[in-house]
Amino acid sequence: MSKTDEIDDTSAPLIEHLAELRTRLIRAVMAFIVGIVLAFVVAEPILQFLLAPIEATLRELGDPSPTLQYTSPQEYLFTLFRISMVFGFALSFPVIGYQLWRFVAPGLYRSEKGAFLPFLIASPFMFLLGAAFAQFVVTPLAMQFFLGFADVSSIFANLLSGAAGDVPADVAVVPETSDGVRITFFGKVNESLDITLKFIMAFGLCFQLPVLLTLMGKAGLVSAEGLGSVRKYAVVAILVLAALVTPPDVVTQLILFVVVYGLYEISIFLVARVEKKREAQLRADGYYDDEQEFDDPLMAEFDEEESK
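As recorded in an unreviewed UniProt entry, the chain goes by the name Sec-independent protein translocase protein TatC, listed as coming from Ruegeria sp. PrR005. According to the UniProt record, the Sequence similarities (unreviewed entry) comment for the chain is "Belongs to the TatC family." The Subunit (unreviewed entry) field of the UniProt record for the chain holds the comment "The Tat system comprises two distinct complexes: a TatABC complex, containing multiple copies of TatA, TatB and TatC subunits, and a separate TatA complex, containing only TatA subunits. Substrates initially bind to the TatABC complex, which probably triggers association of the separate TatA complex to form the active translocon."

In structure tokens form, the structure reads like this:
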């Protein structure tokens, strides 16, 4: 092994490693707390942003004043806390990732550092890309599908639509109906946010597929040829995934299938590139044998007997 690929000089005893781990954890937790506080300050605008697909769908369906409710005194506050924790972690991830890197980096070879660091950067980027895809594409389609089954007129619209013309404007009159029970959407804040966050998490994790498979390819756990040979099984798995994480809407499921399958093909391409680079490095180091295998009668006879 070359001198440039040696482990850093950190032969500290166990106690020093534990002290280092404690320091890194304290810094990561402090960064997480600061991120929660900063996210809580803008939690309400974030909530409005996350619920924007629901609002847009309700307005398209004829609701002039989209309204969500909460049914317990602490529900809205806990919803803001939940948003603060999720986005606080997102804000503090660069610091948390840096602390993790600083702790494991001394135990890695320099070649391993160069291989691991790009994935540490690519992983949050791909997660954000998947989250944006969920927020701007998948969630609006899902809301149109779910809310399209009900009469989503708000209380305000329901009351005024049937009010008599001679009733003063400041008096609300409930119109009499005789055509059965009116089904109206009264969404809860926490439940509406829950489905949005589930889509964000699901697609954020799905977009980690190229990062995960490329890292496994770099470690020699998978190969481009192997991934290509199980392509038909991957198609079935992606179809099942699309049926589980999306509403029973063919358009949404088709979009998820196309995106995830595209990521799978990109993963095969990236793993193939990793294999070519590894082969070139081995050839440069003199460890790769380019000679074609020659026919050896003795080996052929041995293989034939072994197969029997």
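1. Quick word on helix α7 (residues 189-206)
Here α7 is 18 residues long and its end C-alpha atoms lie 26 Å apart, about the 26 Å a rise of 1.5 Å per residue gives. Along α7, the residues that are buried comprise Val189, Ser192, Leu193, Thr196, Leu197, Phe199, Ile200, Ala202, Phe203, Gly204 and Cys206.

2. Digging into the side chain of Gln135
Positionally, Gln135 belongs in helix α5 (residues 110-147). A relative accessible area of 5% means that Gln135 is categorised as buried. Reaching out from Gln135, the side chain makes a polar contact with the backbone oxygen of Phe49 at a distance of 2.8 Å. With near-sequence residues (within four places) excluded, Gln135 lies in contact with Phe49, Leu50, Pro53, Pro140, Thr196 and Ile200.

3. A closer look at the UniProt feature "transmembrane region" (unreviewed entry) in the chain
Within this structure's numbering, the places UniProt gives as "transmembrane region" (unreviewed entry) are residues 25-43, 76-96, 116-138, 195-217, 229-248 and 254-274. Helix makes up 100% of residues 76-96 and strand 0%, whereas the separation of the span's terminal C-alpha atoms amounts to 29 Å. Across residues 195-217, the secondary structure splits into 91% helix and 0% strand, with the terminal C-alpha atoms separated by 34 Å.

Quick notes on the rules
- Residues numbered from 1 in each chain as written.
- Predicted model: local features only at pLDDT ≥ 70, side-chain atom pairs only at ≥ 80, totals over all residues.
- Heavy atoms only, no water.
- UniProt positions renumbered as here; feature names shortened; annotations may be inferred.
- Helix = DSSP H or I, 4+ residues; strand = E, 2+ residues; numbered from the N terminus.
- Expected span 1.5 Å × (residues − 1).
- Buried < 20%, exposed > 50% of the residue type's maximum accessible area, 1.4 Å probe, protein only.
- Polar contact = N/O pair within 3.5 Å; in protein donor to acceptor, adjacent residues only side chain to side chain.
- Contact = heavy atoms within 4.5 Å.

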